[in-house]
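Listed below, chain by chain, are the residues.
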Amino acid sequence: MAQILQLGIPAGSLQEATAELFQRAGYRITFRSRSYVPLVDDDEIECLLIRAQEMARYVESGILDVGLTGKDWIIETGADVQEVTELVFSKVSRGPVRWVLCVPENSPVQSVNDLQGKRIATEAVGLTQRYLAQHGVTAKVEFSWGATEVKPPKLADAIVEVTETGSSLRANRLRIIDTLMESNTQLFANKTALADSWKNEKLQNIALLLKAAIAAQGRVGLMLNVKREDLQSVLGLLPALQRPTISSLSDEQWVAVNTIIEEKTVRGLIPKLKAANAQGIVEYPLNKIVL
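The model shown is predicted, which means the values in this text are computed figures rather than measured ones.

A.B. asks: Help me get a handle on the pattern of salt bridges, residues and values and all.
C.D. replies: For the structure shown, the criterion picks out nine salt bridges. Lys202 is the salt-bridge partner of Asp42, the closest N and O atoms lying 2.8 Å from each other. In this pair, Asp42 sits in the loop between β3 (39-40) and β4 (45-51) while Lys202 sits in helix α7 (residues 197-216), placing the two residues 160 residues apart along the sequence.

A.B. asks: Before we move on, can you summarise the sheet that holds β4 with the specific residues and values?
C.D. replies: Here five strands make up an open sheet; going across it, the order is β4-β1-β5-β12-β6 and the pairing mixed. Two strands close off the open sheet at either side, each with one partner strand: β4 and β6 (82-87). When strand polarity is set aside, the average angle formed by the axes of neighbouring strands in this sheet is 25°. Where strand β5 (residues 66-70) meets strand β12 (residues 185-189), five bridges bridge the pair, whose relative direction is antiparallel. Residue pairing in the sheet places Thr69 in a bridge with Gln186 of β12.

A.B. asks: How would you summarise the sheet that holds strand β15 (residues 254-262) if you had to cite specific residues and measurements?
C.D. replies: Taken in spatial order, the four strands line up as β14-β15-β13-β16 in an open sheet, and their pairing is antiparallel. Edge strands, defined here as strands with exactly one partner in the open sheet, are β14 (245-248) and β16 (279-285). Strand-to-strand, the axes of this sheet are offset by a mean angle of 15°, without reference to chain direction. Of the strand pairs in this sheet, β14 and β15 are connected by four bridges, and their pairing is antiparallel.

A.B. asks: Just give me the short version of helix α2 (residues 52-61), but keep the residues and values in it.
C.D. replies: All buried positions along α2 are accounted for by Ala52, Met55, Ala56 and Val59. For α2, the buried positions fall inside an angular range of 90° around the axis, keeping them on one side. Turning to α2, the residues buried within the fold contact β1 (5-11), β4, β5, α3 (71-77) and β12. Remark: Gly62 follows α2 within two positions and exhibits a positive phi of approximately 90°.

A.B. asks: Describe the packing of helix α1 (residues 15-25) against α7, naming the residues involved and giving the relevant values.
C.D. replies: Relative to each other, α1 and α7 sit at 100°, their axes nearing to 8 Å. Classified by the interaxial angle, the pair formed by α1 and α7 is roughly perpendicular. The residues of α7 that touch α1, namely those facing Leu21, Phe22, Arg24 and Ala25, are Ile206, Leu209, Leu210, Ala213 and Ile214. Looking at side-chain class alone, the contact of α1 with α7 contains eight nonpolar, no polar and one charged residues.

A.B. asks: Provide a residue-level description of the environment of Thr163, including the pertinent values.
C.D. replies: One can find Thr163 in strand β10 (residues 158-163). What makes Thr163 buried here is its relative accessible area of 8%. In sequence terms Thr163 and Asn113 are 50 residues apart; their C-alpha atoms lie 22 Å from each other. Sequence-distant contacts of Thr163, that is, excluding residues within four places in its chain, are made with Val97, Arg98, Val100 and Leu169.

A.B. asks: Can you tell me about the nonpolar core, naming the residues and giving the values?
C.D. replies: Ranked by size, the top nonpolar core spans 27 residues in total, and within it Leu7, Phe22, Leu87, Phe89, Leu187 and Leu210 carry the most contacts. The set of elements that each furnish at least two residues to this core consists of β1, α1, β4, β5, β12 and α7. With near-sequence residues (within four places) excluded, Phe22 lies in contact with Leu7, Ile9, Tyr27, Ile29, Leu68, Ile206 and Leu210. Core analysis: the second largest hydrophobic core is formed by 22 residues, Ala124, Val125, Val137 and Ile177 among them.

Conventions adopted
- Residues numbered from 1 in each chain as written.
- Predicted model: local features only at pLDDT ≥ 70, side-chain atom pairs only at ≥ 80, totals over all residues.
- Heavy atoms only, no water.
- Salt bridge = Lys/Arg side-chain N within 4 Å of Asp/Glu carboxyl O.
- Helix = DSSP H or I, 4+ residues; strand = E, 2+ residues; numbered from the N terminus.
- Pairing = 2+ DSSP bridges.
- Axes fitted to C-alpha atoms, helices over the stretch in contact; angles between N-to-C directions.
- Buried < 20%, exposed > 50% of the residue type's maximum accessible area, 1.4 Å probe, protein only.
- Arc of directions from axis to C-beta.
- Contact = heavy atoms within 4.5 Å.
- Parallel < 35°, antiparallel > 145°, perpendicular 65-115°, else oblique.
- Nonpolar A, V, L, I, M, F, W, Y, C, P; charged D, E, K, R; others polar.
- Core = buried A, V, L, I, M, F, W, Y, C linked by side-chain atoms within 4.5 Å.

Set out below in structure tokens:
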């Protein structure tokens, strides 16, 4: 009987971003209406949609071999799991999310010390309680089932909420007074599953491809031809990931240059390369970069 790797995909805000990342890594995940069992084009993987907040404890228990969720939820649940790799991606940006302590803009609260005896609403109760204990503050921490931003000032004096850009907090006229932690998505595994040689190898291969897909984000390949006499001028314009690859052409007076650059620099770079006598300039997309 063929072995299977049980993979947890985070339902909700990270769901589509995770599927997109896996697709760039070479795995097509298909979500079906009202089903929590996505299809994946790999007979050795079975997927299950799980809330990010619950993922770590299902991996810890062995129901899942591996899962993806934020480091914040692993810490919040206290799950005994093994990190395989950090994957820096999220639903909006390529940066970490932050758990922040917020109060209304017109609140007199200026620091966590001003919340002694107050009420704080959050989804991350454990994280918040540990933070308050570190500062010697006693406050009532209430679990929030959602819409946490709208609770101050009537339902809570402050909130601890996760944010990427801060736009939702500003829209609700909230002011950040401290950051409790930053968190990125983690690919993590059950320790027993990692001890299985087949599952370990399968997981390490998946991790390699996912990291390669993330490394390629925002980058493109650039190829061009240039005369040897103009090569140094062209090389001086190229911000390479490592070093440009230079290959001889059939005409000994010419070489081909191949490099990887940030996509945002291309529109300003190509005219400069043309002015430096580069020819046959080709920009091409990248799915993976294995570093």
